[in-house]
Amino acid sequence: MIIEGPDSVTKAVLSEIERAPNPRFREVMTALVKHLHAFIREAKLTEEEFHQGCAIVNAIGQSSNAFHNEAVLMSGSLGVSTLVCLLNNGNNGATETTANLLGPFWRLDSPRTESGDSIIRSPTPGPELFCNILVNDRDGKPIADAEVDVWQSSTEGLYENQDPTQADMNLRGKFTTGKDGRFSFRSIKPAGYPIPIDGPVGDLLKAQGRHNMRPAHLHFLIYKPGYKTHISQVYLPDDPNIETDVQFGVTKRLLGDYVRHENEKPPAPGVKDPWFSLDYTFIMEPGTAKLPRAPIEDKAKTAQMRPKYLAAVDRQPAMAK
Ligand SMILES: [Fe+2]
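Quick look at the structure, then.

Looking now at the overall build of the protein chain. In terms of regular secondary structure, the protein chain is built from 9 helices and 10 strands. Overall size of the protein chain, expressed as C-alpha extent along the three principal axes, is 80 × 45 × 35 Å. Out of the 321 residues in the protein chain, the part that is buried amounts to 45%. Within the protein chain, contacts between residues at least 6 apart in sequence are counted, and of these 73% link residues at least 24 apart.

Structural data, given as structure tokens:
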């Protein structure tokens, strides 16, 4: 098609997409082109701004590698990841969901851990945390024999793969729910942490005057054939950044009831005051049990990312609110 003016560019591109044999490809690409062209019209994008945009897209790719995914970080920082999650869970966005973002730190093959045991695998300071978790289906019936991966940061805000002082697989474990759909574990209270800001995401946050902190949370991945794999995070409501998560991950349903205990009989001998407890119930939906691709590999391989993440930690005060 010979282009006659701005309107005919959009028509020309859409008519080419119509030739694609895959119907879902046609649907997605048609919507993408329509909205992309509408965005350019609405924003009255200048040629200079267009070239800046191309440079940002290129920089996102160039700053990504096997252990760091800048595109995922950018998607989170723009609220896209949470929107996709909420539209694809909870009866496709119709009801509340306990699903949430995977994040960049899930590892395959977390150590099998018996219900009630600790996931602290090397000395880790911080108040102790006792979690009692229930996995139900949508009818409120417990789901037995679900495999549940748990992972979290230390009280310094570092995952074990970022921190050579932590043992391999510290604060990670794989549990199996009992007949009652429950399991429990012992850990420490997690801390919030900064996301890396040495790439395009850092530039975005700086331009908006936003900090780069995630509020403290525990991660869960629940796998059971017959159910959609359930990925979640449960947040600490008293975290100073709970309202301003840089990744827009916090939903009301995911505010955990982390109860502080003092001068009470602890659930195990030798536990110092204060200690914390969390009771939480996840709701799985029918669907396909499929594991996501692990964003990182083993600790030795990800150790090379340490300077990058520590740089992010060091630079965090400069980005503080
Ligand atoms: Fe996390």
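Picking up after the structure, the text goes on.
One can describe the packing of helix α1 (residues 6-17) onto helix α2 (residues 23-43) by two numbers: an axis separation of 9 Å at closest approach and a directional angle of 165°. One element, α1, and the other, α2, form an angle in the roughly antiparallel class. Between α1 and α2 lies a crossing whose hand is right-handed. Where α1 approaches α2, its residues P6, D7, V9, T10, V13, L14 and I17 are matched on the opposing element by R26, M29, T30, V33, K34, H37 and R41.

Turning our attention to the coordination of the iron ion. Geometry reference: four tetrahedral donors at a metal, ideal angle 109.5 degrees. Six octahedral donors, ideal angles 90 or 180 degrees. Around the iron ion, the protein contributes the donor atoms Y159 (OH), Y193 (OH), H217 (NE2) and H219 (NE2), at 2.0 to 2.1 Å from the metal centre. One can describe the site at the iron ion as irregular: its 4 donor atoms subtend angles covering 91 to 160° at the metal. Read in sequence order, the donor residues coordinating the iron ion give the pattern Y-x33-Y-x23-H-x1-H. Across the pair, exposure class does not vary: H217 and H219 are buried alike.

Among all positions of helix α4 (residues 70-77), only E70, L73, M74, G76 and S77 are buried. Axial view of α4: buried residues confined to an arc of 160°, hence all on one face. For α4, the secondary structure elements touched by its buried residues are α3 (47-62), α5 (80-88) and α7 (200-208). Regarding α4, its N-cap is N69, as a side-chain oxygen of that residue lies 3.2 Å from the backbone nitrogen of A71 further along.

The computed volume of the largest pocket comes to approximately 1,200 Å³. If you trace the largest pocket, you find 47 residues lining it, with V72, L101, L102, G103 and P295 closest to the centre. Those elements that provide at least two residues to the lining of the largest pocket are α4, α5, β5 (193-194), β8 (230-235) and α9 (306-319). Partitioned by chemical class, the residues of the lining of the largest pocket number 25 nonpolar, 17 polar and 5 charged. Around the second largest pocket, the lining comprises 18 residues; the ones closest to its centre are F39, L45, F50, G53 and C54. Those elements that place two or more of their residues in the lining of the second largest pocket are α2 and α3. Among the residues making up the lining of the second largest pocket, the classes are represented as 13 nonpolar, 3 polar and 2 charged.

Looking now at the sheet that holds strand β7 (residues 217-223). Strands in a sheet are paired, the pairing made by backbone hydrogen bonds, and the direction either parallel or antiparallel. The 4 strands are arranged β3-β2-β7-β8 in an open sheet whose pairing can be described as antiparallel. Here the strands that pair on one side only, and so sit at the sheet edges, are β3 (172-176) and β8. Direction aside, the axes of adjacent strands within the sheet are offset by 20° on average. Across 6 bridges, strand β2 (residues 147-152) lies against β7 in antiparallel orientation. Considered in β7, the bridge of V150 is made with F220.

We now examine the packing of aromatic side chains. Within this structure, the stated rule accounts for 10 aromatic pairs. With a centroid separation of 6.3 Å and 65° between ring planes, the pair formed by F105 and Y193 is classed as edge-to-face. Note that F105 is positioned in the loop between α6 (90-93) and β1 (128-136) and Y193 in strand β5, a separation of 88 residues in sequence. By the burial criterion, F105 is buried, and Y193 matches it. An aromatic cluster is built from F175, F183, F185, F220, Y280 and F282, whose rings are joined through pairwise contacts.

Position of Q233 among the secondary structure elements: in strand β8. A polar atom in the side chain of Q233 sits 2.9 Å from the backbone oxygen of L101. Polar contacts involving the side chain of Q233 include one to the side chain of H217, which spans 3.4 Å. Here Q233 is in contact with N100, L101, L102, G103, R214, H217, L218, H219 and L254, once residues within four sequence places are set aside.

Turning to the environment of Q62, a few remarks are in order. Secondary-structure assignment places Q62 in helix α3. Judged by its relative accessible area of 67%, Q62 falls in the exposed class. Separated by 137 residues in the primary sequence, Q62 and G199 have C-alpha atoms spaced 9.3 Å apart.

Calculation criteria
- Residues numbered from 1 in each chain as written.
- Predicted model: local features only at pLDDT ≥ 70, side-chain atom pairs only at ≥ 80, totals over all residues.
- Heavy atoms only, no water.
- Helix = DSSP H or I, 4+ residues; strand = E, 2+ residues; numbered from the N terminus.
- Buried < 20%, exposed > 50% of the residue type's maximum accessible area, 1.4 Å probe, protein only.
- Contact = heavy atoms within 4.5 Å.
- Axes fitted to C-alpha atoms, helices over the stretch in contact; angles between N-to-C directions.
- Parallel < 35°, antiparallel > 145°, perpendicular 65-115°, else oblique.
- Left-handed = near helix turned anticlockwise from the far one by under 90°.
- Donors = N, O, S within 2.8 Å, 3.2 Å for Na, K, Ca; no water.
- Tetrahedral: all angles 85-135°; square planar, octahedral: opposite > 155°, others 65-115°.
- Arc of directions from axis to C-beta.
- Polar contact = N/O pair within 3.5 Å; in protein donor to acceptor, adjacent residues only side chain to side chain.
- 1 Å grid on protein atoms, 1.4 Å probe; cavity = no way out; pocket = protein on both sides within 12 Å on 5 of 7 lines; lining within 4 Å.
- Points joined across faces, edges and corners; volume = space filled by probe spheres on them.
- Nonpolar A, V, L, I, M, F, W, Y, C, P; charged D, E, K, R; others polar.
- Pairing = 2+ DSSP bridges.
- Phe/Tyr/Trp six-rings, centres within 6.5 Å; stacked < 30°, edge-to-face > 60°.

No statement about biological role is implied by the geometric values presented.
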